[in-house]
Structures are given as structure tokens and as C-alpha cells.
Amino acid sequence: MNSVFESEVDFQSVFTFKGASKMSAVKKRKIDDEGRLFNSEWCTKYLVLPHNQGVVCLVCQTTIAVMKEYNIKRRYATKHSSQFDEIVGQARKDKIEHLKTSIEKQQGVFTTFKKNSELVTKLSFKLCECMAEKGKPFSDGEFIKNCLTIFTEYACPEKKYLVEQTSLSRFTVSRRTKDLSEDIKETLKERLNSCEAFSLALDESTDINDTSQLVVFIRAVIAGFDDFEEFLDMANLSSTTTGQDICEQVLKVVEKFELNPYKLCGVTTDGAPSMTGRTNGFTKKFLTAIGAQDVVVSHCIIHQESLCTKVLDFAEVMKNVVQCVNYIRTRGLNHRQFKTFLDELDSEYSDVLYFSAVRWLSRAATLKRFWNLREEIKFFMESKRQNVDFLSNENWLNDLAFLTDITQHLSDLNLKLQGKSQLVNKLFEHICAFEKKLELFQVQLRRAILTHFTCLATRKLEFPNLDCTKYGTSVQKLRDEFANRFPDFRQTEIRLKLFAQPFDLAVEDSPDDCQMELIELQADMDTKRKFSENSLLDFYKLCVREKFPNLSRHAQRIASLFGSTYCCEQFFSKMKLIKTKCRSQLTDEHLTSQLRVATTSVKADIDKLCKDSKFQVSH
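Since the model is a prediction, treat every value here as computed from it, not as a measurement.

**A look at the overall build of the protein chain**
Then, number 1: In terms of helices and strands, the protein chain carries 30 helices and eight strands.
Then, number 2: Counting all 619 residues of the protein chain, 46% fall into the buried class.
Then, number 3: Sequence separation of 24 or more characterises 70% of the internal contacts of the protein chain that already satisfy a separation of 6 or more.

Following this line, the structure appears as C-alpha cells:
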């Protein structure tokens, strides 16, 4: 058989004509059998090739369903013999090759269309993913498309048609975002099925419509000591927010993600009565419902630290500071005049800062800025005929200096406690270190040593008779409050030390099931060297997992614990940026989908989503 016809079997898989349908296995075998019976001489004589529906004519590209020579010969004699009988030999072979090439070019149009359809679908998913990550409204898709159209019109006009075909209507963007969210959820579910231990963090807040939203985060550790912290789900508490309501919603989440309750190691909440009540609180009802045991229930360490600051009895100082700041900031004319006044003085600072009780770091920032601008504020307020006699009161200024210094130390501690994916032992270490600092502050203040109180030291230079004894008493109150707080973390202190400092813990203090392994671990000098050379989780991954199974399981449980609900607070901040007054009608389903894409570290499989999606030209 001539080379031009040697690929005739492959040729039938290359061509796909209009009207061709998917074949059953029986029909395909029948066609293959007919193809083997096909006489190759017919190709040269009648300009035909085998096709999945019979025989195709290379000249007019019509299909002859019955694969019999009589039918093929009759069609050729009737339609094409007068035109092609005179072409013989090599010229006939060249003509046949030319006809094949012509058909392949036509089919290339369909192939290009298919590639372009896949490309614009993928482009649509990628742009929707980017919009969701940035919290942009669904309707911004049309704006992005207009921008891309302008860009391609001048930069690459040959690609403009791709942008025109890309669908970015608000309905498409919302649908794509939901598809991305569902794919991420399925991927997360698969990862959770293989985890060895997990913990939950919960918090509740209201959106712009005063709808209570309950958010659940999960922190899990898999067998190889790889840990991850992800948004699990969000539930709408449409009516009451009792412990029973929260419990019902969380049980639905556990069932939806098929979580194994026996792998639950900890539950961290914001400490509200509905969460932690002994009888009707969520944690009590939830743990009873799932039958989990040895679960660490903790109150967010950042919330507890914030509550400790309430014992600092300097309400009069904060009241006067806030009144001054509000007088300047809440009146447009005063605010403009004050900023102009600072600019004329060539001040280092251009404005005062607002204070908000719900913002963890605003107190320290407001006091520090007020302290640095106290002279300018006094002059400006007096020019406005406001009573600011307290700015001339030496005792009040001393209190302001101390409060500024101590809140700055508390702010530094708060910053250390913030951040995602922090191990619980590190958070508690920061608390213990701060308690040591307070002990030092108390001793130094009673001795009038102001090394760590810069503002108070400034007052000492201006007011030599400054009595620091009362500030030492205030630090003592703060220290006592820290000692009384964090009971949940103190109860697990031995377990935290076993996890973080296994070589320093006395064997008799450790849990019974870990004592024998701990003796062997502490006696292994090579393992001790690796402990100092690697991070904590890497150490357990490399050295402990196989040799010491009980210690490994204990480490997995501790590594999975949440120390705070910081991830929930961060999530609510993003929620309030997405669901604003302008987007108050955003449904809970769309809100959850967009937030899942915006907060997760899991990437959706866009290639798979493209295959499952039907292409439609944008119009």
C-alpha cells in the first residue's frame, strides 16, 4: 500500500464531521471490522477514506454509510469521474494528499475553536478567583473586562477576540466563585480525612444586616506532622444565639465534613457565656453530643490578656484623652485647623489617633500620640476656649506617662500573641515571660528605677519629687490578674512542656503512657542534638514519629491546638470589607463562597473545573 494511504486507520480518528455522534462500544467494534475489510484500492480509484460512519468522499466530504464497492463506485461515477478520471499515477496521489490536507485545515478550525474555548473558560475562572481573593463585588467583572478590552485593543489586537469571548457577567462571576469554593471544600474534606488530630476555633459576630454569623476554623495535623489551619464553614444564626443553637450548627458542620470526633483535641472560643457555660454552654453540649474525651477547652488567650488590662484603674486619664481627641477629630473645622497648626509647627506627627475599645492596639497608639503632642494639644484646646486644666496638673501628667508606658508593654505582648498558625506553647510562653517582666517592673518602680518606662522617666526629670510607689502597686494588681487568668493553659502546662521541652521535663511529671519513652528520648544524645538543630515540628517529624509513638501522638494533639481565635477575628474583618452597605443583599451562600476563596491556602483545581464547565461565548 502506498505511503499516502498508510495512515488511513488513524485518519478516521482525526476527522469529526457535523452530525457525528458518540458511538457505543458495539458500534465502534463494527466500524473497526468494516475498516479492516476496506479495500485500499478504493482510495485511489474512488477518492474515499474510511470514516466512523462509513466512507467519506475526499472531494465533497459527504459520507457513504454502506461500505460496498457498488455504492462507492456509483457515487464516484455520478459525481466526480468526469473531473478526476484523467488524473492518474503520481499526479492522482498528489491530488489525494492535497484533498486530505484541505480537510485537515478545515478540522484545524474546530481544534482551534476548542482550544480557545478552554482558554477563555480558564481565563474566566482565574479572574473570578482573583476577584474573590480581593473581595471585589461580582459586578466588577464587567469593569475588568472593559479594562482588558482596552489593553488588548492597543497592546495585542490579535488577542482581543479572546477577551470578548470571556464571560464576566455578575451571574457568571458568582457562579464561578461558588464552583471554586465547592472545589476547595472537597479538597479540604479529603485532607481532613487523612489527619491524625484536629481542633476547632469558634467565634460569632454580626454583619452589616445585624445577622449573627458563626464562623468555624479547623487546625489539623497529618501523619507526617504537616499542620494546616483553614476556614471550615460559616453558619447563619438567624434568631437566638444560645449554646444549643451554636451546638446544632457545629454538629452540622462536623457531619458535612465527615470529621472523626475521636480525633478532636481542642475547642477554643471567645469565652462568652453561651460558649462556655457549665450547663447550657456550647462546649458542654457539643462534647456530650459527640462523645469526645480528653478535649482541651480553652478561652482565647488574646481575650484573656485584654481582660487583664481592666484592672488598671486610670479611667479619668483615658476619659480626658478621649474627650480631647474626639473634640479635634469629630468636628471637621477643628480637625482641619489642628492639622494645619501641626504643619505650621513642623511637627513630627500630623494628627491625633482615635481610640476604639474593640481594637486591641488602639489604646497604646492613642496614648502614645497624645503624649507626644500634649503641648500642641494644650495650646490648641486653650485657643478654642476648652477647659484642659488637667494638662497642667502634675499628678495627671504623671498618670498619663505611666499609663502610656504600661499600655505600650501590653501592646507589644498583644502583637506577639497575634498571627495565624502559632503553636499554643509559644503563646503561653509569651504570657509567662510577661509575668516575669511585671515582677521586674514592680521591683524597679518601688525603687524609682525607670529604665523601662521612658515617658515616666521624662516626667521624673521635670518633676524630681515624683512618687512611683503607687505605680508599683498598679503593676502588682496587673501581675495578680495575670496570675489568676489563663487557667485552661495552666492546666495543660505539663503537657505543653512535654511537647516543647521534652529534655528538660522530669519524667515523673509526665503522663504515664509517655514516661518510658521519655526516659529513652532523654538518654539519646543524637536525638538531643537534632532537637537543638531543627524546629519543633521538624524534630518530631524526623526523630520521634517512628521511635516514640506515644510521644508522637501527644505531640500531634498539642500541635493541633488553637491558642486564640485570632483567625476568626481576622476573618470577620474581611467579612465586613466584603459585605458592606453597598452589598447588604449579598446572600449567605455567596458570602461564604467568596470568603472561602479569599481566606484559604488551598488552591482550586481550575483545569478540572474547566473540563466540567460548558463554554458559552460572552454576549
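**Observations concerning the confidence of the model for the protein chain**
Should pLDDT be low for a region, the predicted coordinates there are not to be read in detail.
Then, number 1: Averaged over every residue, the pLDDT of the protein chain is 84; the share at 70 or more is 83%.
Then, number 2: In this model residues 25-37 is a low-confidence stretch, pLDDT under 50, and it forms eight contacts with partners more than four residues away in sequence or in other chains.
Then, number 3: Contacts from residues 108-114, a stretch scored under 50 in pLDDT, to residues over four places away or in other chains number two contacts.

**Focus: the pairing of strand β7 (residues 264-269)**
Then, number 1: In terms of burial, β7 is largely enclosed, as six of its six residues are buried.
Then, number 2: Where strand β4 (residues 195-206) and β7 come together, four bridges link them in parallel fashion. Within β7, the residue paired with Phe-198 across the bridge is Leu-264.
Then, number 3: Looking at chain direction, β7 and strand β8 (residues 296-299) are connected through four bridges and run parallel. Residue pairing across strands places Thr-268 opposite Ser-298, the latter belonging to β8.

**A closer look at unusual backbone geometry**
Then, number 1: Despite not being glycine, Glu-258 has its phi angle at roughly 55 degrees, a positive value.
Then, number 2: Within the secondary structure, Glu-258 is located in the loop between α10 (243-256) and β7.
Then, number 3: Here the phi dihedral of Ala-448 falls at roughly 60 degrees; this positive angle occurs in a residue that is not glycine.
Then, number 4: Tracing the sequence through the fold places Ala-448 in the loop between α19 (424-446) and α20 (454-462).

**Some words on the side chain of Gln-213**
Then, number 1: Inspection of the secondary structure assignment puts Gln-213 in strand β5 (residues 212-222).
Then, number 2: A polar contact is formed between the side chain of Gln-213 and the side chain of Asp-588, at a distance of 3.1 Å.
Then, number 3: The contact partners of Gln-213, leaving out residues within four places of it in the chain, are Asp-203, Glu-204, Ser-205, Asp-207, Met-234, Ala-235, Asn-236, Phe-572, Met-575, Asp-588 and Leu-591.

**Brief notes about the sheet that holds β5**
Then, number 1: The strand order across the open sheet formed by five strands is β6-β5-β4-β7-β8, and the pairing between neighbours is mixed. The two strands at the open ends of the sheet, each matched to only one other strand, are β6 (227-237) and β8. When strand polarity is set aside, the average angle formed by the axes of neighbouring strands in this sheet is 20 degrees.

Conventions and cut-offs
- Residues numbered from 1 in each chain as written.
- Predicted model: local features only at pLDDT ≥ 70, side-chain atom pairs only at ≥ 80, totals over all residues.
- Heavy atoms only, no water.
- Helix = DSSP H or I, 4+ residues; strand = E, 2+ residues; numbered from the N terminus.
- Buried < 20%, exposed > 50% of the residue type's maximum accessible area, 1.4 Å probe, protein only.
- Contact = heavy atoms within 4.5 Å.
- pLDDT = per-residue confidence, 0-100.
- Pairing = 2+ DSSP bridges.
- Polar contact = N/O pair within 3.5 Å; in protein donor to acceptor, adjacent residues only side chain to side chain.
- Axes fitted to C-alpha atoms, helices over the stretch in contact; angles between N-to-C directions.

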